[in-house]
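In case you want the letters, here they are:
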Amino acid sequence: MSFIRYKKNNLFVENVSVKRLLSKFNTPFYLYSESGIIKNYNLFSNNFKKSKPLICFSVKANSNIQILKVLKKIGSGADVVSGGELLRVIKSGIKPNKIVFSGVGKTEEEIRLAIKNNILLINVESENEALLINKIAGKLKKKIAIGIRLNPDINAPTHKKISTGKAEDKFGLSKTNLISFCLNSKKLKNLRLNAISVHIGSQILSENPFKKTLKVLEEIIKKTKINFKFVDLGGGFGITYKKKERKINLKNYSNLVEKFRKKHNCNIIFEPGRAIVGDTAILVSKVQYLKKGSNKTFAILNAGMNDFMRVALYDAVHNIMPVVKNSKKNKGPLEFVGPICETTCKFIKYNKYQKLNQSDYVAISDVGAYGASLSSNYNTKPLIAEVIINKSKSRVIRKKQDIKSLINQ
Ligand SMILES: Cc1ncc(COP(=O)(O)O)c(C=O)c1O
């Protein structure tokens with residue numbers, strides 16, 4: 001979080017004091033650091049530089065077009081999971097030959113869109129999806145490059161709602177089914193099996209499940225004797241939301257990836273989302289009310305689970321930082337909650353916190369990934385603004401949704 005830090009008790013994003021922005025923008029709003037995004041991308045890229053991978057930013061983590069444009073400028077490709085995301089990515093200027101399309105339920109319309117745009121790979125998640133793509137490609141008289149997604153049955157230690165690589169999860173094909181698909185793939189005349197892909201889950205903080213996945217891939221390549229042009233290793237690299245968490249060490253893994261790449265003479269693709277944008281944003285919010293409960297004080301924010309869903313959805317832990325620090329102590333425990341009429345619309349409880357007053361401002365931390373992209377109009381609340389900082393400059397990258405357009409829909 002080096003681009004988001006305190007200077008003399010005032011929270012700054014790059015060179016801009018958050019307090020100063022409060023006179024310019026109404027809370028709540030997302031606030032990003034552009035340098036943070038660039039730094040994270042370059043760090044990730046440098047880590048794997050020996051393998052020269054194609055890095056396809058996972059758009060579901062953050063689909064703001066201006067952020068996609070920042071990433072495009074520094075060379076990123078994109079991993080999309082819907083026709084809408086694909087259209088956003090194309091609008092951002094990312095070239096089709098850097099786009100991969102994953103997802104278990106692609107519609108005919110989405111498949112046609114992907115084919116028409118000549119994207120690098122459609123990552124297929126079932127035999128029936130492959131049959132449909134083959135049929136559509138035939139009608140369009142095209143031969144389409146596909147990847148086939150493996151479900152390696154690996155239990156990556158993460159929250160159960162973001163695990164994707166176990167046998168019970170809906171993603172990809174089991175080892176046996178994938179091998180038999182590969183061995184019969186020649187029958188699908190309009191498809192070119194260019195890749196094998198895998199994504200075992202999100203917010204993974206240990207290298208071990210990634211290493212185990214490489215072993216399963218080795219086994220499959222050996223059994224199918226297919227020289228895949230691309231091996232798409234997915235995303236899932238965790239960040240440290242909690243102080244005690246240990247950052248994932250990618251050095252070791254990157255050596256294994258390079259060994260694997262050389263041995264199989266393939267091109268590597270990665271699909272990181274959270275690792276690129278997760279720690280690059282805060283959600284600035286006002287304490288609308290303070291309310292005494294029987295054993296704690298509620299700080300009711302003007303941002304809710306509609307604006308930021310991760311806590312309600314995944315029991316995620318996100319610290320809340322005061323926009324201006326003080327040295328006084330709050331009496332008793334304090335729980336930050338939101339305004340939405342759901343018990344789960346709450347953020348975090350502290351036993352000790354600084355003295356907080358009504359109308360103070362705070363910032364929910366590490367909200368750059370699966371923040372704005374997961375927000376909704378629940379309780380008929382408009383989507384909030386997104387602002388990005390580049391050194392000393394701020395610019396709005398999404399305006400707050402107009403309430404009139406929302407109710408006239
Ligand atoms: C297929 C695929 N690739 C990449 C990602 C990005 O994951 P992360 O943001 O954890 O890197 C996801 C997220 O769920 C995914 O489903």
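Conventions adopted
- Residues numbered from 1 in each chain as written.
- Predicted model: local features only at pLDDT ≥ 70, side-chain atom pairs only at ≥ 80, totals over all residues.
- Heavy atoms only, no water.
- Helix = DSSP H or I, 4+ residues; strand = E, 2+ residues; numbered from the N terminus.
- Rg over C-alpha atoms; globule rule 2.2 N^0.38 Å.
- Buried < 20%, exposed > 50% of the residue type's maximum accessible area, 1.4 Å probe, protein only.
- Contact = heavy atoms within 4.5 Å.
- Areas by Shrake-Rupley, 256 points an atom, 1.4 Å probe, with all protein chains shown as cover.
- Lys, Arg positive; Asp, Glu negative; His and termini not counted.
- Charge placed at Lys NZ, Arg CZ, Asp CG, Glu CD.
- Expected span 1.5 Å × (residues − 1).
- Arc of directions from axis to C-beta.
- Near = heavy atom within 4 Å.
- Polar contact = N/O pair within 3.5 Å; in protein donor to acceptor, adjacent residues only side chain to side chain.
- Nonpolar A, V, L, I, M, F, W, Y, C, P; charged D, E, K, R; others polar.
- Salt bridge = Lys/Arg side-chain N within 4 Å of Asp/Glu carboxyl O.
- 1 Å grid on protein atoms, 1.4 Å probe; cavity = no way out; pocket = protein on both sides within 12 Å on 5 of 7 lines; lining within 4 Å.
- Points joined across faces, edges and corners; volume = space filled by probe spheres on them.
- Pairing = 2+ DSSP bridges.
- Axes fitted to C-alpha atoms, helices over the stretch in contact; angles between N-to-C directions.
- Left-handed = near helix turned anticlockwise from the far one by under 90°.

Caption draft 1: Molecular detail of the overall build of the chain. When helices and strands are tallied, the chain shows twelve helices and 20 strands. Against the globule reference of 22 Å for 409 residues, the chain gives a C-alpha radius of gyration of 23 Å, in line with a compact fold. Summarising its shape, the C-alpha atoms of the chain cover approximately 70 × 50 × 40 Å along the three principal directions. Per-residue burial for the chain yields a buried fraction of 55% across its 409 residues. For the chain, the proportion of contacts with a sequence separation of at least 24, taken over those separated by at least 6, is 70%. Carbon together with sulfur atoms contributes 51% to the accessible area of the chain, which is approximately 19300 Å² in total. Computing the positive centroid from 75 side-chain charges and the negative centroid from 29, the chain places the two 6 Å apart.

Caption draft 2: Highlighting helix α8 (residues 208–224). In this model α8 runs 25 Å from its N-terminal to its C-terminal C-alpha over 17 residues, within 8% of the 24 Å that 1.5 Å per residue would give. Regarding α8, the residues found buried are Pro 209, Phe 210, Thr 213, Leu 214, Val 216, Leu 217, Ile 220, Ile 221 and Thr 224. Seen end-on, α8 carries its buried residues on one side only, within an arc spanning 165°. For α8, the exposed residues lying more than 90 degrees away from the buried face are Lys 215, Lys 222 and Lys 223. Phi turns positive one or two residues past the end of α8, at Lys 225, with a value near 55°.

Caption draft 3: Representation of the site of the ligand within the structure. What surrounds the ligand is a group of 15 residues, the closest being Ser 202, Gly 236, Glu 271, Arg 274 and Tyr 370. At a separation of 2.5 Å, an oxygen atom of the ligand approaches a polar side-chain atom of Tyr 370. Compared with its free state, where it exposes 400 Å², the ligand has 93% of that area covered by protein. For the shell around the ligand, the residue count by class is two nonpolar, eight polar and five charged.

Caption draft 4: Expanded view of the environment of Asn 306. The residue Asn 306 is located in the loop between β14 (297–301) and α11 (310–314) in this model. Given the relative accessible area of 2%, Asn 306 is considered buried. In this structure, the C-alpha to C-alpha distance between Asn 306 and Asn 379, residues 73 residues apart in sequence, is 8.0 Å. Among all residues touching Asn 306, those that are not within four sequence positions of it are Ile 340, Ser 375, Ser 376, Tyr 378 and Lys 381.

Caption draft 5: Geometry of the side chain of Asp 232. Turning to its location among the elements, Asp 232 is positioned in strand β11 (residues 230–232). Here Asp 232 is buried and forms no salt bridge, its nearest opposite-charge partner Arg 149 lying at an N-O distance of 8.5 Å. A polar contact of 3.1 Å, which involves the side chain of Asp 232, links it to the side chain of Asn 123. Of note is the side chain of Asp 232, whose polar atom sits 3.0 Å from the backbone nitrogen of Gly 234.

Caption draft 6: Looking closely at the layout of surface pockets. Taken as a whole, the largest pocket holds about 630 Å³ of empty space. Lining the largest pocket are 38 residues; nearest its centre among them are Lys 60, Val 81, Thr 164, Phe 171 and His 199. Classifying every residue of the lining of the largest pocket by side-chain character gives eleven nonpolar, 17 polar and ten charged.

Caption draft 7: Broad picture of the pattern of salt bridges. All chains considered together, the criterion is met by twelve salt bridges. Among the salt bridges present, the one from Glu 108 reaches Arg 112, with a minimum N-O distance of 3.2 Å. Of this pair, Glu 108 and Arg 112 both sit in helix α5 (residues 108–116), separated by four residues, roughly a single helical turn. Given the relative accessible area of 41%, Glu 108 is considered partly exposed. Two residues, Lys 296 and Glu 335, come together in a salt bridge whose shortest N-O distance is 2.8 Å. Of this pair, Lys 296 sits in the loop between β13 (281–292) and β14 while Glu 335 sits in strand β16 (residues 334–337), and the two are 39 residues apart along the sequence. Residue Glu 335 is classed as buried on the basis of its relative accessible area, which comes to 8%. Three or more residues joined by partner-sharing salt bridges are found here, namely Lys 175, Glu 219 and Lys 223.

Caption draft 8: Region of the structure containing the sheet that holds strand β3 (residues 16–17). With respect to topology, three strands assemble into an open sheet ordered β1-β2-β3, the strand pairing being antiparallel. Strands with a single pairing partner mark the edges of an open sheet, and in this sheet they are β1 (4–7) and β3. Looking at chain direction, β1 and strand β2 (residues 10–13) are connected through four bridges and run antiparallel. Looking across to β2, one finds that Lys 7 is bridged to Asn 10.

Caption draft 9: A look at empty space enclosed by the protein. For the coordinates displayed, the defined rule picks out one cavity of 30 Å³ or more. The calculated volume of the largest cavity comes to roughly 50 Å³. Residue lining of the largest cavity: Val 198, His 199, Ile 200, Phe 210, Thr 213, Leu 214, Leu 233 and Tyr 253, and that is the complete set. In terms of residue count, the dominant contributor to the lining of the largest cavity is α8 (three residues). Residues of the lining of the largest cavity, tallied by class, amount to six nonpolar, two polar and no charged.

Caption draft 10: The arrangement of the packing of helix α7 (residues 175–184) against α8 in detail. Running from amino to carboxyl end, α7 crosses α8 at an angle of 35°, the nearest separation of the two axes being 10 Å. In this structure, α7 meets α8 at a crossing whose hand is right-handed. In this structure, α7 uses Lys 175, Leu 178, Ile 179, Cys 182 and Leu 183 to contact α8, whose residues at the interface are Val 216, Glu 219, Ile 220, Lys 223 and Thr 224. Among the residues making up the contact of α7 with α8, the classes are represented as six nonpolar, one polar and three charged.

Purely geometric stuff here, so don't read any function into it on its own.
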